[in-house]
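What follows is the residue order along each chain.
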Amino acid sequence: MHQDVGQGCIVVLTGAGISKESGIDTFRDEDGLWSKFDLEEVATIEAWHRDKRKVLDFYNQGLTWFQGANIRPNAAHEALARLEREWPGEVLVVTQNIDLLHEGAGSKNVLHMHGQAGKIRCMVCETIIDSDMRLDVETLCPHCGARGQLRPHVVWFGEMPLRMDEIYAALDRCRLFMSVGTSGMVYPAAGFVQHVRQRVPRAHTVELNLEPSDGHSLFQERIYGPATEVVPAYIEKVLTGG
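Residues numbered from 1 in each chain as written. Predicted model: local features only at pLDDT ≥ 70, side-chain atom pairs only at ≥ 80, totals over all residues. Heavy atoms only, no water.

Asker: Can you explain the nonpolar core? Please cite residues and give values.
Answerer: By size, the foremost hydrophobic cluster in this structure holds 22 residues, and its most contacted members are Ile10, Val12, Leu83, Met178, Leu208 and Val231. Contributions of two or more residues to this core are made by strand 1 (9-14), helix 5 (75-86), strand 2 (91-95), strand 7 (174-180), strand 8 (204-209) and helix 9 (227-240). A per-element tally of this core places helix 9 first, with six residues. Membership of the second largest hydrophobic core comes to 20 residues, among which are Cys9, Val11, Cys174 and Phe219. (Core = buried A, V, L, I, M, F, W, Y, C linked by side-chain atoms within 4.5 Å. Buried < 20%, exposed > 50% of the residue type's maximum accessible area, 1.4 Å probe, protein only. Helix = DSSP H or I, 4+ residues; strand = E, 2+ residues; numbered from the N terminus.)

Take a look at the structure:
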């Protein structure tokens, strides 16, 4: 591992690959969710305005993907929680995933840039509510009373990801940037490594993935294999200075 990390800030970007071994399908694999559903019909703001019922039916079905009894944090999630506990500096997990497996493993400093399961949002008053309730076109917002305006608190395609100011501020001060289980196909997350290379030249960048991402050549260090194997091993190196 790069020796200039010291006790500096570590930013970890995680994608669907880290949760696949916990039983959650990735979206872009050959047999992933977008091979079974047309994203233009269920995961865009245009789809919401065109057919709310269809979008909400997809959301209601999707709740089961994240709530099964078999869906638990795996060794990769647990290793990142250990990193946060034991690293003397700041550790921030920036996840593209809407599941709560990082929190379930014990991570506390987590930013969900694409929203998260277990939350809904009103399109009228913009109140965010902690809830796993099933939604339909007749559901009333408990805050403002608007009918049929509650939506999942997730970022649909074409919408701006959340918490971007905080994320870029952390990238600008990081000394180690780790990308775990990401395809490198979805921006702005796919551009984070380039941002770090340009803005923080002393920072070390590493990709931990099942296979090379689209942007793998931008990383100074690349390690490939199942997340439950490569992430705990790398965290051990970071914490022991190996």
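Asker: Before we move on, can you summarise the pairing of strand 2 with the specific residues and values?
Answerer: Strand 2 sits mainly inside the fold: five of its five residues count as buried. The side-chain alternation of strand 2 yields two buried faces, one formed by Val91, Val93 and Thr95 and the other by Leu92 and Val94. Note: strand 1 against strand 2, five bridges, orientation parallel. By the bridge assignment, Thr14 is partnered in strand 2 with Thr95. As paired strands, strand 2 and strand 3 (residues 110-112) are joined by three bridges and run parallel to one another. Residue Val93 lies in a different strand from strand 3, and its bridge partner there is Val110. (Pairing = 2+ DSSP bridges.)

Asker: An account of the environment of Gly158 is requested, with residue identities and associated values reported.
Answerer: Topologically, Gly158 is positioned in the loop between strand 6 (150-154) and helix 7 (164-173). Residues Gly158 and Glu46, spaced 112 residues apart in sequence, show a C-alpha to C-alpha distance of 9.3 Å.

Asker: Any details on the packing of aromatic side chains? Residues and values, ideally.
Answerer: In total, this model carries three aromatic pairs according to the counting rule given. With 5.6 Å between their ring centres and 80° between their planes, Tyr168 and Phe192 make a pair best called edge-to-face. Taken as a pair, Tyr168 in helix 7 and Phe192 in helix 8 (residues 192-199) lie far apart in primary sequence, 24 residues in all. Residue classification places Tyr168 among the partly exposed residues on the basis of a relative accessible area of 27%. Using a relative accessible area of 1% as the deciding quantity, one classes Phe192 as buried. When the centroid spacing of 6.3 Å and the interplanar angle of 10° are considered together, the rings of Phe177 and Phe219 count as stacked. Of the two residues, Phe177 is situated in strand 7 and Phe219 in the loop between strand 8 and strand 9 (221-224); the sequence distance between them amounts to 42 residues. By relative accessible area, Phe219 is classed as buried at 5%. The ring centre of Trp156 lies 3.7 Å from the NZ or CZ of Arg151, which sits over that ring. (Phe/Tyr/Trp six-rings, centres within 6.5 Å; stacked < 30°, edge-to-face > 60°. Lys NZ or Arg CZ within 6 Å of the ring centre and 35° of its normal.)

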